[in-house]
Amino acid sequence: MRNAYIANQKSAHGRKALAVLPIHYPKELLTALDILAVELWGPPGPPRGPDAGRVQTYVCSIVRNALAFMAAGGADAADGVLFPHTCDSIQGLATVAPDMGGWTKPAFTFQHPKGSSRPSARTFVAAELRSLAEELAAFAGRSLEPERLWAALRLHREIDRLRAELLDGRTRLPMTDPELYRLLRRGEFLWPEEHLAELRTARDALGDDAAQSGVPVMITGYVPEPLSLLEALNDAGAYVCGDDYAAVGRRVQRALLGTAGDPLAELSRQYFLASPCSTRSADQSARLRYLTDLFDRSGARGVIVHVLKFCEPELFDIPAIRRTFAARKVPVLVVEGELEPEISGQLVTRLEAFVELLGQTRRAA
Amino acid sequence: MITRRRLEYELVKHVVGPATLRFDTLRGELKRRKKKPRPDSPFGPPLEAAHKLKELMSLHYLAGRYADGAVPVAWVTSGFPVEFLRPFGFHAVYPENHAALCSAQKQVPELASAAEAEGYATDLCSYARCDLGSAFTGKTPVGRLPKPDLLCCCTNICQTLLYWYRALATHFNVPLVLIDPPFVYGKAKPHHHQYILDQMEELLAEAARVSRKQVSLAELVEVMHLAREGTALWGECLDASRNRPAPWTGFDGFVHIGPIVALRGTKECNAYYRLLRDELHDRVKKGIGGIKNERHRLMWDNLPIWYGLRELSTLLAERGFNFVCTSYTNAWAEGGALVDPSQPMASMARAYSHVLLNQDLKNRLSVLERLARTYEVEGAVLHSDRSCKPYSVGQIDLKDRLQKALGIRVLLFEADHADPRAYAKEPAENRLTAFLESFA
Ligand code: SF4
Ligand code: SF4
């Protein structure tokens, strides 16, 4: 974990830190309450420490690694943990760690509704946000002031706007994919204002002319780990021009922000305007529409689906994604990983072959 | 006006089906009488009720072949509050029960392969792969499954069901209605309860729309009474195993669970469990055991291994071991008590969110401890089910806790509940044998 950074945030600003498991959570609430969110996506590599074997090997590495990491004291710099209701495995982790050992500090859950946006789901999200806000306010030792929540909403939408600008303007951005993703993923632990400053600097580098000359591809998947996958892609002569990683592009809120009224109600409204995500069991046709739109907008020539092994929400969507793009004669490459530190030589070869195929498609076109 | 299709359905369900199946049972009985019982069999005499069970479940599937176009058809997850559907006249099909049947009949590899060929990963739940394969190919050991008019999914046992039912909704192009009970960590929050109530209202509206029928609260309450009684009767059947020897085996329990899953809230279901309960009580009185020589009593956690029931139960019975309780069969006996027909909606919301898999591990542990004590077991086998994350995550800790709290031996046994391709038979059986030998 980012221990030094967390320690500095605590001493310099008196902020509490909350470790947050993937994926969707109302970060605005945390910001408004002056709580630093530090996301726990694994971490990468094999699970380590004496608790490495407490979750079966047929469960995704995010959950296996997170438990081992937490139980080994890796997240002790944080003052609490938040488990969003992402999938069965995270739901399991949210009881294994606090109830069976591995986490003794406060544990919170954010249970979001599954399925499409029914009236019951809307009422529930509003109530769940209110309930979480109360719990977090008690944790932070301060009350939630509406003006601060509005400010947090504006801050996070500004961050999203810049992230969208960088992702959409990818072709004109003189950065490699690993550089861009490293930057975007710093938002997983930086205090939002600091992240905003970094994004602004990157945005200033956006030019008018093409800065990328490789084969443009769209990528959809869970989390861009290991980064060597993107390095290999760049080395093979391609770059990501359309991003739908759950950890990155899928979390960019593109809807406009309301300007008045109850900020919690606005937060709840925004929840239903987010991009479709498998972990919310959103309407699958909406997700497919979203992906084809992104594909068309981005000018990609092919699609890479990068999933984590044993990730049920993502794995269930693959057949429909394949079918949809096959019907449009778009090449699709499915890549499955396990948060390994480096990708295998075999995968490098597959990426190279895929990029070569896309290159030929371009020439043929 | 009654349609021809409806007439066929009613005839099959009430006249032709029961008569044909009764005839089959009698013929089977004659054959069995001629056959001499195996003197070396480690099992007690077979349960008489098993014939009735076969008739009941076969009739359910037989009538199902004629259901679409005759009555509204719903495909329903096992944890769904089916009580709400019955008064609307839905014929309910349980894909999980169907997948278990496919597995017992060794058809999962073929059916699951059809789903895998469509891109469904082998790491996904084998029930889902099996049933999707069946839907894509139309192949099923029950002749034919009726096409659904409505898909009914409740995520109180897992989220997988929702991903699976979404795929079915696309395939059949029919609506999907969802009950999504928030997971219960400690105590359920009031707004979580309200969310379930709101969804129940949405379900009733959708059921009325699809079935084109309005239903009164009194009709709902009547079905709730039946369902509550059914789960209580099932509980009494399970309870019989508190006796020594237990009058049946835990594996028998897995097979006899069919009606409480697929026919809950019907008179037929309750009549069946009355029959079974009486037979079990009778066996207890006569000292007849599920196995001939019950030396050790064990507990089973997680789903059964459907394709290996016979082999595993023989392996155990030959060594004098019986699974006298299982968390899986027990789960179907627990919820009913929470249903209070005087508070129909509120109690249903509570009952359906407080199922075993929708509650935290502290609760799971206390259920397992209670079962182990009540049924006086000396050991437990926790089936670490590759397919079922919600049931399996946490079992490694549960194993340690059970060992420490109760001083019993516990084995973590890795397999898959439906797909034999994910089961390393020999090493698994060796592990199990070594575990059993440790009781010597
Ligand atoms: S990778 Fe998939 S299965 Fe694992 S925690 Fe994330 S959503 Fe759940
Ligand atoms: S076996 Fe487990 S994962 Fe599969 S449908 Fe049942 S509860 Fe869900």
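Further up the page is the structure itself.
Procedures and definitions
Residues numbered from 1 in each chain as written. Chains lettered and ligands numbered in written order. Predicted model: local features only at pLDDT ≥ 70, side-chain atom pairs only at ≥ 80, totals over all residues. Heavy atoms only, no water. Core = buried A, V, L, I, M, F, W, Y, C linked by side-chain atoms within 4.5 Å. Buried < 20%, exposed > 50% of the residue type's maximum accessible area, 1.4 Å probe, protein only. Helix = DSSP H or I, 4+ residues; strand = E, 2+ residues; numbered from the N terminus. Contact = heavy atoms within 4.5 Å. Pairing = 2+ DSSP bridges. Right-handed = clockwise from strand over helix to strand, strands pointing away. Axes fitted to C-alpha atoms, helices over the stretch in contact; angles between N-to-C directions. Buried area = accessible area lost by both parts, 1.4 Å probe. Salt bridge = Lys/Arg side-chain N within 4 Å of Asp/Glu carboxyl O. Near = heavy atom within 4 Å. Nonpolar A, V, L, I, M, F, W, Y, C, P; charged D, E, K, R; others polar.

K.L.:
Can you walk me through the nonpolar core in this structure?
P.N.:
For soluble globular proteins, nonpolar side chains are generally found buried alongside one another. In this structure, Leu85(B), Tyr127(B), Trp234(B), Leu276(B) and Phe413(B) are the most contacted members of the largest nonpolar core, which totals 238 residues. Among the elements that make up this core, the one with the highest residue count is helix α6 (residues 160-172) of chain B (nine residues). Each residue touching Leu85(B), except ones within four places of it in the same chain, is listed here: Ala74(B), Val76(B), Phe80(B), Phe90(B), Cys152(B), Leu203(B) and Ala207(B). Counting residues in hydrophobic clusters, the runner-up holds 30 residues, among them Tyr25(A), Ala32(A), Ala152(A) and Leu264(A).

K.L.:
Honestly, the pairing of strand β5 (residues 215-221) of chain A in this entry has me stumped. Any pointers?
P.N.:
Successive residues of a regular strand alternate their side chains across the two faces of the sheet. Residue and element names in this part refer to chain A. Of all seven residues in β5, seven are buried, a share of seventy percent or more. The pairing of β5 with strand β6 (residues 238-245) spans seven bridges and is parallel. When the bridges of β6 are listed, Gly221 appears paired with Tyr245. Handedness of the β-α-β unit built from β5, helix α9 (residues 228-235) and β6 comes out right-handed. Relative to strand β7 (residues 302-308), β5 runs parallel, the two being bridged by five bridges. If you follow Ile219 over to β7, its bridge partner there is Ile304.

K.L.:
Just to check I follow, could you spell out the sheet that holds strand β2 (residues 91-93) of chain B for this structure?
P.N.:
Adjacent strands of a sheet form backbone hydrogen bonds with each other and so pair up, either parallel or antiparallel. All names here are of chain B. Spatially, four strands are ordered β2-β1-β3-β4 in an open sheet, and the strand pairing comes out parallel. The outermost strands of the open sheet, each flanked by one partner alone, are β2 and β4 (176-179). Each neighbouring strand pair of the sheet contributes to a mean axis angle of 25 degrees, computed without reference to strand direction. Sheet topology places strand β3 (residues 150-154) next to β4; four bridges connect them, and they run parallel.

K.L.:
Would you explain the interface of chain A and chain B in this entry?
P.N.:
By a frequent convention, interface size equals the accessible area lost on bringing the separate parts together. Taken residue by residue, the interface counts 51 residues in chain A and 48 residues in chain B. For the pair chain A and chain B, the summed buried surface comes to about 4,400 Å²; carbon and sulfur atoms form 56% of the total. If you sort the residues of chain A by the area they bury against chain B, Tyr58(A), Met100(A) and Phe316(A) come out on top, with a joint share of 19%. Summed over the shared surface of chain A and chain B, the number is seven salt bridges.

K.L.:
Which parts of the structure should I look at to understand the site of ligand 1?
P.N.:
Neighbouring ligand 1 are Cys60(A), Ile62(A), Val63(A), Thr86(A), Cys87(A), Ile90(A), Tyr222(A), Thr279(A), Leu308(A), Cys311(A) and Pro313(A). In terms of residue class, the shell around ligand 1 is made up of nine nonpolar, two polar and no charged.

K.L.:
Help me understand the pattern of salt bridges, please; the structure alone is not making it clear to me.
P.N.:
Oppositely charged side chains may form a pair once their charged atoms are brought near each other. Enumeration over the complete set of coordinates arrives at 63 salt bridges over all chains. Between Asp317(A) and Arg287(A) there is a salt bridge, with its nearest N and O atoms 2.6 Å apart. In this pair, Asp317(A) is assigned in helix α12 (residues 312-327) and Arg287(A) in helix α11 (residues 284-298), connecting sequence segments 30 residues apart. On the basis of relative accessible area, Arg287(A) is assigned to the buried category, the value being 3%. Notably, a salt bridge pairs Lys425(B) with Glu429(B), separated by 3.5 Å at the nearest N-O pair. In this pair, Lys425(B) and Glu429(B) both sit in helix α18 (residues 425-437), four residues apart, roughly one turn of the helix. When its relative accessible area of 38% is taken as the criterion, Lys425(B) is described as partly exposed. Bridged by salt links that share partners, the residues Asp244(A), Arg250(A), Arg287(A), Glu314(A), Asp317(A) and Arg166(B) form one connected network.

Read these as spatial facts, not as claims about activity.
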